Amino acid sequence: MAELPSGLLEACVVVGASNDKLRDIYQIVQQSKSSEFPSLEAEVLQVHAPPFVSKETNSSQPAFSRVQRRKSFIKKKRRERTETVSNGESSNRAELSSVTEDISVPKDLDLIALPQLCFPGGLQLANEQKEDTYHFLVFTDLFGNRTHGVVVQYYRAVQACQENGHRWNVSKCRLFTPFAICIISKFPYYNALKDCLSCLLVQLRPARHSDFEEKIKEFSAKLSLVPLPPPGQLHVSFTLQPFQVVLPSREDQDSPVIDIDLHLPFLCFSHTTLLQILSCLLQEQRVVFFSSNWARLTLVAESLLLYLQPLSWQQPYVPVLARGMLDFLMAPTAFLMGCHVRHFEEVAAETEDLILVNVDEGIIQSSWSDSIELPAIPLHAAESFISRAESLQVHYDLELCHLGSGTDVNAIRTQRRDWLRRLNTQIQNIALELVVNIFKGVQDFLNHEHRVFNSEEFLRTREPADQLFYRKVLETHIFHTFLRDRLNKKSDTYSRLEQSLRNNAHRNRAMTETPSRRPPMSELSRSGYTSYTSPDHKLSKKLGASMPNLPQPAGDTLTVLIPSRAATLKKMTPDIGLKFPNKPVKLFPLPEFPPPLAYHYVQKYYLQMVDALKSAIDTTPPEEAALLARYHYLRGLVNTVSNRPLDALEDFQSLYKTDADIFPSQMVKSLVDSLPEAERMLIEKRPEIKRLISRLKRDQERERAQNGKSYEDGTVKRFKLPKTYMHLEEFVKCVQESGIVKDQGTIQRLFDALTVGHQKQVSPELFRVFYTIWKETEAEAQEVCLPASVLEHIEPSECVFKLSSSVKTSRGVGKIAMTQRRLFLLTDGRPGYVDVAQYRDIEEVKVSSAPILLLRIPSLKLRVRGRKDTFECNLKTETELWNLMVKEMWAGRIMADQHKDPQYMQQALTNALLMDAAVGSLQNSKAIFAASKLSHFDRIRMEVPMMVPTTTAETLKHKINPSLELTAPHAVDVLLYTPGQLWVSVSGGKVMVFDASTWSLTHTCQVGTSRLNCMLGVDRDQVWMGSEDSVIYIISLVSMVCNRQLTEHRTEVTGLALDTDKYSQKVAYSCSIEGTVMMWDIATLQAKKHFRLSCDRLQSVTSYNGTLWCCSRESIMEVWRSGNIKHRLHLPEQQKGLVPTFSSALLLPEIEEMWSICGESGEISIWHMKDTSRPFHRVLLPDCIGCHCIIKVKKQVWIGGLGRSSTKGKIYILDAERHQVLKELHGHTDKVTGLCSAEDRYVLSGADKQDGKIAIWKVE
């Protein structure tokens, strides 16, 4: 039996007093003549749970069931009375008797506490009809899974009956008893289920008592037919007279269902009080809500927890406590609970350490005081929240002022529902901005490789007044789960908003030479110059903000600058706050409900729904792929429930191709496993379903292989200083976890420096001293606040990273300041600026000595280009260290300029700061020698020539390093240019998108887990990517999300091409390694044609003039669109052998030529397209042992390959007409793996893993 996901209804339970007890109470009231009625104990009277119908011909159980049934705890409580009664008496007695059959209920439903929760204030009889009341429940199981209930209490007159031959006089004695009807659902559809119960009461009021159970059963059966909408913008509606009920969908797979009025807390509390409550929840306090209205408790609590999304409350949560459950408040752990306001004084007096929130009065206090002494939410975040909240319009009546009175109830409800959806979206955005403002910067202190959070450094970047708040929050379960999601690189609303903020704020600065997270001096300096004197301030609030190469999220692989608090944490007004537009919503109306307890009517209902979905699919244009995917999801769900598994699998196959993000893999797996043998045989005739099942099996195998990592993916470690000696491997891990630096080569040089002169291991004490000095040194520099007179001389993005002590120089007395661009003198007294040198202008650096009286003081001399006088500064004992640092910065500047690569400068700065910390920690005669081990670029400058060939220097414009924040370089697999964007694929399916105007990183997305082989821009809104895992992934240029896949290939996809068919419609071609070529309809994503070529490793496909040119390792084939081979080109005789194979081919149709290259040869073969018997010309590239990629740009052909010389990665530019080599470019240290053209203005080249960089070349 296939187990389906939960539908709208888990169960419908009726709770009330048994008829026996009601009769007894009536007798007591009659005898006492009292108008006071005692409280009764509520009991479960009815339980209705799906399935309600089954196929009569086969068995009593349907083929597909959403729940397993078990015997309830409800037992026969009594036997029927034995006294002899008449037939009429028996009939009436049966009406009053309690349920005598065992009730079957869903296995996960516990009914023990339900009667109390349905009547939290007790079951009280009345002598008059009372108003219906609603309230809401939340149940949490041992695993933290929540179930939701909506309860209506309504009063019904006790039916008259005969007792000892006398009939009750109903007119004289009216007795009303409350019944509670509770709908239980896995999802919090509070408003929708409240509407459903309102409709039910319309039917129950005129109904006879004998029809009561049947009416509720029929109502429950109708709700069980309602499918839940998939995540996205498709909502589902159905009609229960007199209402149209709407089920809103979740925004995405990880978002909660929101069917609640999120503005209720804004009506109950002031903005300040609201922030106090959220602060208590973030600190996981013991919080109790009080109200005289049971419904208000749950709705307010649920809204507040939704405000904290994506943080999720992990502690006990019972928003409604019945009168007999108040002992729950004695629990020692944190919790969130709610009870009636009548218990306020009792709870406050008898329990300690509680946060008491009176919802009715809008106040918050503690059980020990009238005020709250807990730390408040940080001021900057609170001010932003209040500013945005003040712009909310939370009063619906103000929206209706200009409108007439509505006469159609459903139109009025639709109008309010639309208003509420807009308001909920605004509140979600404001709440999300609050969470982002509170936890902004957390990503910068995470080390993803070792799953470490450097909490101490994070705390030191917070304002002193906020320290206590963060210390409490960092110890909570809610924050731990949040960190785990960040380390798992979960893409949720928080990560998307934070990334958007980073991109908007730093897009134009992403390629500067400043190490990450260091605020520029123009933003740090606001209050003049403050010297660093007090040791109390060494571990300052900004301590962690200047560390080079600290861990960043995977998406932030380029250097990104975070401005100071004044810039990033300022109050957001409604005008400048991020605003997210409301996405259009589509409503799918379900057919009218059938008689829900007859199998053939239910099947007919499902067929009507399938027909309606087919009509919706047929009328939806292909460009609305997201909507089509949701229609396929719904139809697959309906086909599954109605026992049409093959049709369901076809829908799920279409869904998988259209939007894999919402693909219900567990449901499909269960469906496949439950298929009978006869239907398994039919699958052989349906290849698309076979492919889906094959894909599922591969995914399951991958999941099993990754099961060993599941525990690791849930762990979050805090960085701690080591306690034992560390060899190189442990040292590398410790340094990376600490956040000092991530590059393994740099860490190895640091290890060599710290172990000079003794055994190759670092003691815990030495590392502690080094780590402390590293932090103190950067804190000293952070304390420098430059006045405006100094700031005007330096660039806005410059930062002071090192300050000397006050020294005498040839240009005055002051402190030498080192930034990433220059050295300057900060004069003593009134701070002034004296330029010393920009690194690129330095011609010589040497250590000298200056005579002072009878002594000779060590000094540093700098000779600067364009200046006659040598600059000299008496740095005394700091001279040797500054000599090493300045030389390293000088060498880094030269390499950065020559290679057009700002990372060299950043790495040089990191090396210089490490030298400083190493010397300070060693404090011995070998300290300077040890620091010299870190002089990486200066050593390169001394050992090998640093000059870049003139041709290369003139053509090279810039370099990008996609592996900047990784521990080692990764190969650039594929490059693609689309208007305004550069797409880069690196190992493991990671795709990075750069802004082509600034070459700064804008987006990062994960496309599968395997290497990508090819990319293709299709239309203006899609990029297709062929992967080693045989899937073609499709990324939307609008949403930058990959949720569509083509899965028809059986092996890795190696090539993609665009063409037009005979009807001038755009089509795409793809090829896979075993020789399969497929033609795709771009609009429908359907494979229109496919054929297989006999070849060895098909590598690419190109379309031209009605034929396809397919390149494999041993041949190049010209193929008709039908799949028949027109021509086959083989390797030239002189290149045949065991090694040389084709690597790529390029068509030049305007001159009717085809150029081919080989991966193990430096020779280019040029063929006539009309005579392919042999190449008519060959070009031997100088100093080349292999060619790997080839493109045409204007009238040139660019070829990327591997050279014999030390500069291995080479690019050759050839004249396409004269077949001559025009230029030979030396731009990479490993073979060139990819080339692409940017509008024929630039060519971009990517290299293999020893280099891992992208070079940007100018095209002449």
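In this report, the structure presented in the accompanying data block is examined. (Residues numbered from 1 in each chain as written. Predicted model: local features only at pLDDT ≥ 70, side-chain atom pairs only at ≥ 80, totals over all residues. Heavy atoms only, no water.)

1. Things to note about the overall build of the protein
Put simply, the test is: Each helix corresponds to a stretch of at least 4 residues labelled H or I by DSSP, and each strand to a stretch of at least 2 residues labelled E; elements are numbered beginning at the N terminus. Each residue is assigned to one of three classes by its accessible area relative to the maximum for its type, calculated with a 1.4 Å probe on protein chains only: buried under 20%, partly exposed between the two thresholds, exposed over 50%. Two residues form a contact once any of their heavy atoms are found within 4.5 Å.
Counting its secondary structure elements, the protein contains 34 helices and 60 strands. Sorting the 1260 residues of the protein into buried and exposed places 58% on the buried side. Summarising the internal contacts of the protein: among those between residues at least 6 apart in sequence, 62% fall at separations of at least 24.

2. Structural notes on the pairing of strand S50 (residues 1142-1148)
Counted only if it meets this: Two strands pair under a simple rule: DSSP has to find at least two bridges between them.
Most of S50 sits out of view: five of its seven residues are buried. Across six bridges, S50 lies against strand S51 (residues 1153-1158) in antiparallel orientation. In the strand pairing of S51, leucine 1146 is matched with tryptophan 1155. What sits between the antiparallel neighbours S50 and S51 is a turn of four residues, in which glutamate 1152 has the positive phi angle 55°.

3. A short note on the packing of helix H26 (residues 728-738) against helix H27 (residues 744-754)
Spelled out, the test is: Angular values range over 0 to 180 degrees, each being the angle between N-to-C directions of two axes fitted as lines to C-alpha atoms, with helices fitted over their stretch in contact. By convention, the crossing between two helices is left-handed when the near helix turns anticlockwise from the far helix through less than a right angle, and right-handed when the turn is clockwise. Each residue gets one label: Ala, Val, Leu, Ile, Met, Phe, Trp, Tyr, Cys and Pro are nonpolar, Asp, Glu, Lys and Arg are charged, and the others, such as Gly, are polar.
At a minimum axis separation of 10 Å, H26 and H27 run at an interaxial angle of 115°. Relative to H27, H26 is oriented so that their crossing is right-handed. Listed contacts from H27 to Leu728, Phe731, Val732, Val735 and Gln736 of H26 are Gln744, Ile747, Gln748, Leu750, Phe751 and Leu754. In the contact of H26 with H27, the residues fall into eight nonpolar, three polar and no charged.

4. A short note on the sheet that holds strand S15 (residues 243-247)
Read across the open sheet, the three strands follow the order S15-S14-S23; overall the sheet is mixed. The sheet terminates laterally at S15 and strand S23 (586-589), the two strands that pair on one side only. Strand-to-strand twist in this sheet, taken as the mean axis angle between neighbours without regard to direction, amounts to 35°. Bridge count between strand S14 (residues 234-240) and S23: four bridges; the pairing is parallel. Note on S23: the bridge partner recorded for leucine 234 is lysine 586. Strand contacts of helix H4 (residues 190-204): S14 and S15, with the helix running at about 155° to S15, the strand carrying the most contacts. Where helix H12 (residues 409-439) meets the sheet, its contacts fall on S14 and S15, and the angle it forms with S15 comes to roughly 25°.

5. Observations concerning the nonpolar core
As a reminder of what qualifies: What is meant by a nonpolar core is a set of buried Ala, Val, Leu, Ile, Met, Phe, Trp, Tyr and Cys residues, joined one to another through side-chain atoms within 4.5 Å.
The biggest cluster of nonpolar side chains holds 178 residues, and the ones touching the most others in it are Ile181, Phe238, Leu281, Phe289, Phe439 and Phe453. The biggest single contributor to this core is H12, with twelve residues. Excluding its chain neighbours within four sequence positions, the residues that come into contact with isoleucine 181 are Cys12, Val13, Val14, Val150, Val151, Val152, Tyr154, Leu197, Leu200, Leu204 and Ile216. Of all hydrophobic cores here, the second largest spans 68 residues; its members include Val452, Ala753, Tyr771 and Val886.

6. A closer look at the packing of aromatic side chains
Basically, it comes down to this: Centres within 6.5 Å are what make two rings of Phe, Tyr or Trp a pair, Trp counting through its six-membered ring; a difference in plane orientation under 30 degrees is then read as stacked, over 60 as edge-to-face, and the rest as tilted. In this scheme, Lys NZ or Arg CZ marks a charge over a ring once it lies within 6 Å of the ring centre and within 35 degrees of the ring normal.
Using the criterion set out here, one finds 29 aromatic pairs in the structure. Within the aromatic cluster, the residues linked to one another by ring pairs are Phe439, Phe445, Phe453, Phe458, Phe469, Tyr470, Phe479, Phe482 and Tyr494. Of note, arginine 462 hangs over the ring of tyrosine 470, and the distance from its end group to the ring centre comes to 5.5 Å. Taking the ring centre of tyrosine 904 as reference, the NZ or CZ of lysine 1253 above it sits at 4.3 Å.

7. Regarding the packing of helix H20 (residues 625-641) against helix H21 (residues 645-658)
Defined as follows: Put simply, angles under 35 degrees are roughly parallel, angles over 145 are roughly antiparallel, angles from 65 to 115 are roughly perpendicular, and the rest are oblique.
In contact at an axis separation of 8 Å, H20 and H21 are set at 160° when each is read in the N-to-C sense. Taken together, H20 and H21 sit at an angle that is classed as roughly antiparallel. For the pair H20 and H21, the sense of crossing is left-handed. Taking contact as the criterion, the partners of Ala625, Ala629, His632, Tyr633, Arg635, Gly636, Leu637, Asn639 and Thr640 in H20 are, on H21, Pro645, Asp647, Ala648, Asp651, Phe652, Ser654, Leu655 and Thr658.

8. Quick notes on the side chain of asparagine 454
Quick reminder of the rule: Polar contact is defined as a pair of N or O atoms within 3.5 Å, subject to the rule that within protein one atom must be able to donate a hydrogen and the other to accept it, and that residues adjacent in sequence are counted only when both atoms are side-chain atoms.
By secondary structure assignment, the location of asparagine 454 is in the loop between strand S22 (452-453) and helix H13 (455-460). Within polar-contact distance, the side chain of asparagine 454 engages the backbone oxygen of serine 738 at 2.9 Å. Sequence-distant contacts of asparagine 454, that is, excluding residues within four places in its chain, are made with Phe445, Phe719, Glu737, Ser738 and Tyr771.

9. Here's the deal with the state of the cysteines
Here is the rule: We call a pair of cysteine sulfur atoms a disulfide whenever their separation is within 2.5 Å.
In total, this model carries zero disulfides according to the counting rule given. Cysteine 1014 takes part in no disulfide bond, and the closest cysteine sulfur, belonging to cysteine 1071, lies 7.0 Å away. Residue classification places cysteine 1014 among the buried residues on the basis of a relative accessible area of 8%.

10. Description of the pattern of salt bridges
A side chain of one charge can pair with a side chain of the opposite charge when the charged atoms of the two come close. Condition: The term salt bridge refers to a side-chain nitrogen of Lys or Arg lying within 4 Å of a carboxyl oxygen of Asp or Glu.
Under the counting rule described, the total for this entry stands at 50 salt bridges. For arginine 496, the salt bridge is made with aspartate 252, and the minimal N-O distance between the two is 3.0 Å. Taken together, the positions of arginine 496 in helix H16 (residues 493-506) and aspartate 252 in the loop between S15 and helix H6 (264-268) put the pair 244 residues apart, joining distant regions of the chain. Residue classification places arginine 496 among the partly exposed residues on the basis of a relative accessible area of 38%. The class for aspartate 252 is buried, based on a relative accessible area of 19%. Here arginine 1011 and aspartate 973 are joined by a salt bridge, their closest N and O atoms 3.3 Å apart.

11. Thoughts on the environment of lysine 1249
Note that lysine 1249 resides in the loop between strand S59 (1242-1247) and strand S60 (1254-1258). Taking relative accessible area as the criterion, lysine 1249 reaches 55% and is therefore assigned exposed. Distance in space between the C-alpha atoms of lysine 1249 and serine 963 is 9.5 Å, their sequence separation being 286 residues. If we ignore the near neighbours within four places in the chain, the residues touching lysine 1249 are Pro969, His970, Ala971 and Asp1230.

12. Comments concerning the environment of proline 38
Position of proline 38 relative to the elements: it lies in the loop between helix H1 (19-32) and strand S3 (39-40). The partly exposed category is assigned to proline 38, whose relative accessible area is 38%. Taking the C-alpha atoms as reference points, proline 38 and isoleucine 25, 13 residues apart in sequence, are found 8.1 Å from one another. Beyond its immediate sequence surroundings of up to four residues, proline 38 is in contact with Ile25 and Gln124.

13. A word on the sheet that holds S59
Sheet architecture is open: four strands sit in the order S33-S60-S59-S58, paired in antiparallel fashion. Each edge of the open sheet is held by one strand with a lone partner, namely strand S33 (956-960) and strand S58 (1232-1238). Across the sheet, the axes of successive neighbouring strands diverge by a mean angle of 20°, strand direction being ignored. Where S59 and S60 come together, five bridges link them in antiparallel fashion. Residue glycine 1246 lies in a different strand from S60, and its bridge partner there is isoleucine 1254.

14. Examining the pairing of strand S16 (residues 286-291)
Taking burial as the measure, the six residues of S16 include six buried ones, the bulk of the element. Both faces of S16 are covered, namely the face carrying Arg286, Val288 and Phe290 and the face carrying Val287, Phe289 and Ser291. Taken together, the six bridges between S16 and strand S18 (residues 335-340) define a ladder with parallel strand orientation. Bridge pairing in S18 places serine 291 opposite histidine 340. In this structure, S16 lies alongside strand S19 (residues 355-358), joined through four bridges in parallel fashion.

15. Some remarks on unusual backbone geometry
In this model, proline 50 is joined to proline 51 through a cis peptide bond whose omega is 5°. Positionally, proline 51 belongs in the loop between strand S4 (43-48) and strand S5 (64-65). Going from glutamine 241 to proline 242, the amide bond is cis rather than trans, its omega being 10°. Mapping proline 242 onto the fold places it in the loop between S14 and S15. Its identity as a non-glycine residue notwithstanding, glutamate 1239 has a phi of 55°, on the positive side. In this fold, glutamate 1239 is placed in the loop between S58 and S59.

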